[in-house]
Structures are given as structure tokens and as C-alpha cells.
Amino acid sequence: MTVTTVNTVATTAPVATVPSANLTPLVDTSRFPDGAPGEVRAAHRLYEHLIGMWAPGVIEAAQDLGAFAALTEGPATAAGLAETLSTDLRATRVLLDGLAAYDIVERTRGTDGQAVYTLPTELHGVFAPDGLFSLAGKIGHDRNVAWHAWRHLAGNVRDGARSSEGEQRLNQISEEDYTSLVRGINFWAPPIVRSLADALREQGWTSGAGRSLLDVGCGTGIYSHLLLNEFPELEAEGLDAERIIPLADRQAADLGVAGRFHGRTGDFWNDDWGTGSDLALFVNIFHLQTPESARDLMLKASKALSDDGVIAIADHIVDEETGEGTTQNRFFRLFAASMLATGGGDAFSVQDYDQWLSDAGLRRVALLDTPMHRVLLAQHA
């Protein structure tokens with residue numbers, strides 16, 4: 001199989017984006033008087049960044065209190081929600097107004113003059129713990145890991161987040177926190193899978209008959225499950241920890257692909273992956289590595305691949321050639337800072353991946369852009 005190199009950076013007019021809390025300005029720069037000092041303008045701009053913690057603060061507090069679950073049942077006033085949640089009326093109103101400021105809930109005026117708060121339908125599943133694209137797990141990860149970790153970023157910058165022996169560390173996370181987090185990032189999958197599936201179809205994949213997929217560190221299995229829906233005769237094996245595989249198996253059943261998804265408990269560093277995989281998939285695995293461990297992982301992937309198989313890596317891959325200020329590159333660099341805060345890992349560059357591929361007898365054949373990732377495809381050289 002030969003894959004044509006593709007880069008999907010838009011060259012036409014940008015498509016309108018859906019309003020997002022991250023795009024809600026909190027400083028009205030049009031109100032600066034003429035001649036306002038540059039230092040004052042700069043301070044306003046940086047202050048807007050510094051108060052970025054307000055957004056997760058109000059969102060996560062509302063989740064902790066059960067406000068979103070209550071609003072899923074229907075619109076409510078502050079008084080009605082305070083009664084349901086057994087919370088203080090004034091404080092509940094302040095929290096709801098904060099959510100409205102970030103466009104998380106809609107605030108309207110009822111016939112009696114009281115404010116009425118509505119959770120948009122498209123957000124119901126986003127906050128439900130069992131929602132397919134729920135962020136509840138991400139919120140749990142923030143509570144258990146991220147909030148504390150960011151406070152110690154300066155220390156990790158001083159020592160490079162290295163071990164006591166002076167070596168770069170893999171990003172380590174407890175199985176409990178990992179379990180929570182993997183269920184909170186399913187929403188990344190649909191655009192990644194669609195881009196990957198389209199690239200595979202261009203090279204002759206139709207039903208997936210006779211093809212096998214190895215999903216290394218599969219998490220909930222969402223990428224395999226969606227690919228199985230794209231290719232109705234594809235067979236997939238997901239490899240992950242003992243605590244994770246039952247999640248993947250249950251989700252495979254929920255999505256109607258249990259007969260073609262086979263979860264396997266194992267340590268992907270020490271266990272054998274077998275050989276002859278037509279597609280070896282790595283999603284959000286490489287950014288957790290050191291350069292040395294990433295190279296080792298690529299060598300192992302090469303051995304598991306069929307002669308004309310494809311390695312697909314979906315990760316936060318910096319591409320200098322697309323321009324320093326692209327949205328993806330900005331996000332990836334900030335994501336690297338989050339890796340540093342939590343103890344290790346990085347957002348590696350295309351050039352880094354190309355070197356690891358070369359060392360493993362592989363070559364990059366495509367690089368696809370998606371909203372928050374790039375997908376790198378490779379084959380045997």
C-alpha cells in the first residue's frame with residue numbers, strides 16, 4: 001500500500017467556527033481611550049490570560065455540585081436549582097451567571113422577571129459521566145492531577161522534570177487517574193478517524209476485508225470502534241492495562257462492534273505485539289515519551305507491521321513548515337507545557353518523528369491536520 005503525502009492546511013477562506021468559551025473576550029479593547037499607554041494595553045491582555053483559571057473553576061464547581069445533571073432535566077431558576085442542590089441561593093446565582101458569561105448555559109428572563117438558566121442540548125452528554133464524548137473524566141483529571149501539577153511548573157522547569165538519576169522521565173500517571181482521563185477525551189476521536197479513514201480509502205481500503213488493526217494503548221477503544229464502523233469487515237485488537245480493557249470492551253458493545261474488537265490486557269513495552277498488522281495505531285502515546293523511549297517504540301512498531309502495512313500516529317506533532325503561529329502549533333506548545341507540569345513528555349516535531357522512523361526502517365508518507373492533532377502515516381521504507 002502506498003499513501004500519498006497529504007497536508008490539509010486550509011488555503012481557502014476560513015470556515016466560520018462555532019462559538020466557544022475560549023473565544024469569549026473578557027476585555028473590551030475598543031474601549032481604550034486614544035493614546036492609552038502600551039504598557040496598560042499589555043497589562044489588560046495578560047490579565048485576560050491570568051484569569052483563564054476562572055473558566056475551569058466555575059465549570060468544575062458546577063459539575064461537582066451536580067448542577068449540570070440537574071439542568072439536564074430542564075431549565076431552572078437560581079432559586080429552583082439552589083433548592084435541588086441544597087446550596088446557598090446567592091452563591092448559586094453567582095455561579096450560574098459565571099457559566100452564562102462563558103456561554104456554558106443560556107440565561108434568559110422568565111415571565112416573572114427571574115433569570116432562567118438552560119443547559120443547551122448538545123452539552124447534556126458532555127457533562128454526563130456515561131456520555132460517549134463526556135468531559136467528566138477530564139474534569140476528574142484536573143481535580144486529581146492538573147490543578148496541583150501546574151502550581152509546580154516552575155520547579156520542573158528548573159530541574160527539567162528529570163528523575164533523581166538525572167534522566168528524562170516518561171509521563172507517569174496512576175491507573176486511577178488514567179482511567180478517568182481516557183474517558184474524558186473521546187471527543188477528539190471523530191475528526192481524527194474521519195481524516196484517517198479518508199486517507200485509507202484513497203489507497204483502496206473499502207470494507208476492510210482481510211485487514212487487521214492493532215491499537216496500542218487503546219484507552220476506551222474509541223478510535224478502533226469508529227474505524228470498525230467506517231470499515232465493516234475490519235478486525236481490531238486493542239492493547240492496554242488490565243483496568244482499561246473492560247472499558248474498551250463495554251464501549252465496543254455499546255457501539256455495536258464487539259464481535260470485531262478484541263481487547264487484550266498487556267504491557268505494551270514488555271509484551272509481544274505479534275506481526276502482520278495492516279494498521280498499527282498510536283493515539284496520544286508518543287507525547288508521553290522521552291526521545292529515547294519514542295525511538296524504541298517506533299522500532300517495536302516496525303516489527304509488528306505487515307510488509308505493506310501503515311503506522312498511524314495521532315498526536316500533538318509540531319510542524320514548523322506550516323508556520324509558527326498556526327492554531328495547532330500554538331496548542332501543541334501549550335500541551336507540551338502541560339506535560340512538563342505533570343512530570344514528563346513533550347510535543348515532538350515532525351523532524352523528530354522522521355528521525356525515529358528512519359532509525360526503524362520506516363518513512364513518513366502523509367501528515368494530516370485535524371482540529372487538535374496531526375496524524376502521521378508511515379510505512380516501511
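Note: the structure precedes this text.
Caption draft 1: Just the sheet that holds strand E1 (residues 76-77), in detail. Taken in spatial order, the three strands of this open sheet run E1-E3-E2, and their pairing is antiparallel. The open sheet has two free edges, formed respectively by E1 and strand E2 (106-109), since each of these has just one partner strand. The sheet contact formed by E1 and strand E3 (residues 115-118) spans two bridges and is antiparallel. Paired with Thr 77 across the two strands is Val 116, which belongs to E3.

Caption draft 2: Spotlight on the environment of Glu 237. The topology assignment puts Glu 237 in strand E5 (residues 235-240). Judged by its relative accessible area of 26%, Glu 237 falls in the partly exposed class. Between the C-alpha atom of Glu 237 and that of Val 216, which follows or precedes it by 21 residues, the distance is 8.5 Å. If we ignore the near neighbours within four places in the chain, the residues touching Glu 237 are Leu 213, Leu 214, Asp 215, His 262 and Arg 264.

Caption draft 3: Spatial organisation of the side chain of Thr 370. Take Thr 370: it is sitting in the loop between strand E9 (362-369) and strand E10 (374-380). Overall, Thr 370 belongs to the buried group, its relative accessible area being 5%. Here the side chain of Thr 370 touches His 373 through a polar contact of 2.9 Å, landing on its backbone oxygen.

Caption draft 4: Region of the structure containing the pairing of E9. With respect to burial, E9 is a largely interior element, six of its eight residues being buried. Direction of pairing for E9 relative to E10: antiparallel, over a ladder of seven bridges. Bridge pairing in E10 places Leu 362 opposite His 380. Where E9 hands over to E10, the hairpin turn is made up of four residues, counted between the paired strands.

Caption draft 5: Quick look at helix H12 (residues 245-254). Within H12 the residues assigned to the buried category are Ile 245, Leu 247, Ala 248, Gln 251 and Ala 252. When H12 is viewed along its axis, its buried side chains cluster within an angular range of 155° and face the same direction. Along H12, the residues that are exposed and aim more than 90 degrees away from the buried face are Arg 250 and Asp 254. Note on H12: the residue one or two positions beyond its end, Gly 256, has a positive phi of about 75°.

Caption draft 6: Layout of the pairing of E3. By the bridge criterion, four bridges tie E2 to E3 in an arrangement that is antiparallel. Bridging across to E3, Glu 106 finds its partner in Thr 118.

Caption draft 7: Main features of the environment of Arg 41. Along the chain, Arg 41 falls in helix H1 (residues 38-50). For the pair Arg 41 and Thr 29, spaced 12 residues apart in sequence, the C-alpha separation works out to 8.1 Å. When near neighbours in sequence (up to four residues on either side) are disregarded, Arg 41 contacts Phe 32, Pro 33 and Ala 36.

Rules and cut-offs
- Residues numbered from 1 in each chain as written.
- Predicted model: local features only at pLDDT ≥ 70, side-chain atom pairs only at ≥ 80, totals over all residues.
- Heavy atoms only, no water.
- Pairing = 2+ DSSP bridges.
- Helix = DSSP H or I, 4+ residues; strand = E, 2+ residues; numbered from the N terminus.
- Buried < 20%, exposed > 50% of the residue type's maximum accessible area, 1.4 Å probe, protein only.
- Contact = heavy atoms within 4.5 Å.
- Polar contact = N/O pair within 3.5 Å; in protein donor to acceptor, adjacent residues only side chain to side chain.
- Arc of directions from axis to C-beta.

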